[in-house]
Amino acid sequence: MDHDQKIQSWVSDIEFERVGPVKSALKRVLMNPLVNYFPSSAMKAILRFAKCELAQCNWDDPGGWKSMVISYHGKPTQIADKILVNGGAMSMALRNRRLLAGRLLAKLITQADETSDIPVHALCLGAGPGRIIIDALLQSPDTAHATLVDISSDAFDYGRELAESSGLADRVKYVKGDVRDVTDVLDPPPVVVKMIGICEYLTDEQIVDILKSLSGVMAPGGSVVFNSISTAHGTDRFFRRVMGLHMIHRTPEQLSALFAQAGFGEFVSLPEPLAIYHVIVARLADQKA
Ligand SMILES: C[S@@+](CC[C@H](N)C(=O)[O-])C[C@H]1O[C@@H](n2cnc3c(N)ncnc32)[C@H](O)[C@@H]1O
């Protein structure tokens, strides 16, 4: 089994959320044009009137961690949230991305643990409360630990409660900081790095700068897990005009090319079934190899 097939096999049993052909066609010809071209002021007024929590979170902090939490496991009470969280392609794709990234991280940590004399250290950039790394640590050897970096420390109280309730309080460390200053917080060097939900908010130059600092402090041969986002959700105009979300859509190849500039290679790209996100695994070239 080659490297690509091995990584594919790690995720082959995941039960993803899918959209059937009829619902998908209805979204494409009816729902997406409606939300994209309905006057944005009227749409915002409707969402405000409907007390839509997801919209409010995005207005307060576009692309912030709270909207992720609502999509991952919020139990929405408002009708507008029920529609967006349970039926919206983006929320479904986010939950698929969580499953995919959590499993890949767990496998990479476990694999690294088999050849390491010291506990495996994972680093999460733009981690929010750490839902995905907590998923991964729960499936990994119990010596593995993680440092979670986020610019917004208000995710941390929620994250610490999550870690505590999962029995992982002593295996996660929350650090407030900008991912661009990442080298300040790393001891021991991370073997696995998670960059999920962050590249779509960064320019090419910012990504390359971060990766160059990262490659200087990561363990040689270490792995990174990141994601690209496509316009397959069909509602970019709605996200920009109504939600205030300005995401940078890149193909897995475009994003991988940026990682390659900082010495990463052996890219394996895995789409979730809605083809909105690809989760990509890459390895930092071992300079000594
Ligand atoms: C979309 S959320 C993703 C959270 C988490 N990684 C996930 O996938 O569930 C993006 C997170 O990146 C953080 N963030 C954005 N820019 C950042 C920066 N320059 N440095 C550190 N964190 C940043 C935000 O505060 C937010 O919590």
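These numbers were taken from a predicted model, which means no experiment stands behind them.

Let us now look at the nonpolar core. The biggest cluster of nonpolar side chains holds 70 residues, and the ones touching the most others in it are L105, I109, A122, L125, I133 and V225. The dominant element in this core, judged by the number of residues it contributes, is helix α7 (residues 89–115), at 13 residues. Ranked by size, the runner-up nonpolar core spans 12 residues in total, among them C52, A55, V85 and V242.

Here we come to the packing of helix α5 (residues 65–73) against α7. Contact pair α5 / α7: the axes reach a minimum separation of 9 Å and the direction vectors enclose 85 degrees. In terms of their interaxial angle, α5 and α7 are classed as roughly perpendicular. Only S91, L94, R95 and R98 of α7 make contact with α5, whose side of the interface consists of M68, S71 and Y72. Along the lines of polarity and charge, the residues of the contact of α5 with α7 split into three nonpolar, two polar and two charged.

Residue placement: A101 occurs in helix α7. Judged by C-beta crowding, with 29 C-beta atoms within 10 Å, A101 ranks as buried. A sequence separation of 34 residues divides A101 from S67, and the C-alpha atoms of the two residues are 18 Å apart.

On to the domain arrangement of the protein chain, then. Each assigned domain of the protein chain is listed with its residue range as follows: domain 1 (19–88) and domain 2 (92–284). Computed over C-alpha atoms, the centres of domain 1 and domain 2 are 25 Å apart. Counting from both sides, the interface comprises 21 residues of domain 1 and, opposite them, 21 residues of domain 2. Of all the elements in the fold, those that place two or more residues in the side of domain 1 that touches domain 2 are α2 (21–37), α3 (40–49), α4 (53–60) and α5.

This part is about the sheet that holds strand β3 (residues 172–176). The mixed open sheet is built from seven strands, whose spatial order is β3-β2-β1-β4-β5-β7-β6. Each edge of the open sheet is held by one strand with a lone partner, namely β3 and β6 (264–271). Across the sheet, the mean angle from the axis of one strand to that of its neighbour is 20 degrees, orientation sign disregarded. Alignment of strand β1 (residues 121–125) against strand β4 (residues 192–195), held across three bridges, turns out to be parallel. Looking at the pairing, L123 lines up with V193 of β4.

With six of eight residues buried, helix α8 (residues 131–138) is to be regarded as a mostly interior element. Residues of α8 that are buried: R131, I132, I133, I134, A136 and L137. Residues of α8 that are buried make contact with α5, α7, β1, β2 (145–150), α9 (154–165) and β4.

Turning next to the site of the ligand. Lining the immediate environment of the ligand, one finds 21 residues, of which W65, G126, G128, I151 and G197 sit closest. Those elements that place two or more of their residues in the shell around the ligand are α5, α8 and β2. Looking at the shell around the ligand, its residues break down into 11 nonpolar, six polar and four charged.

Our next topic: the pairing of β2. Across a regular strand the side chains alternate sides, sitting on one face of the sheet and then on the other. For β2, the tally of buried residues reaches five of six residues, placing the bulk of the element in the interior. By the bridge criterion, five bridges tie β1 to β2 in an arrangement that is parallel. The partner of H121 across the bridge, within β2, is H145. After leaving β1, the chain enters α8 and then returns to the sheet as β2, a path that is right-handed. Relative to β3, β2 is paired through five bridges, and the arrangement is parallel.

Rules and cut-offs
- Residues numbered from 1 in each chain as written.
- Predicted model: local features only at pLDDT ≥ 70, side-chain atom pairs only at ≥ 80, totals over all residues.
- Core = buried A, V, L, I, M, F, W, Y, C linked by C-beta atoms within 7 Å.
- Buried ≥ 20, exposed ≤ 12 C-beta atoms within 10 Å, placed from the backbone.
- Helix = DSSP H or I, 4+ residues; strand = E, 2+ residues; numbered from the N terminus.
- Axes fitted to C-alpha atoms, helices over the stretch in contact; angles between N-to-C directions.
- Parallel < 35°, antiparallel > 145°, perpendicular 65-115°, else oblique.
- Contact = placed C-beta atoms within 7 Å.
- Nonpolar A, V, L, I, M, F, W, Y, C, P; charged D, E, K, R; others polar.
- Domains from an automatic or database assignment.
- Pairing = 2+ DSSP bridges.
- Near = placed C-beta within 6 Å.
- Right-handed = clockwise from strand over helix to strand, strands pointing away.

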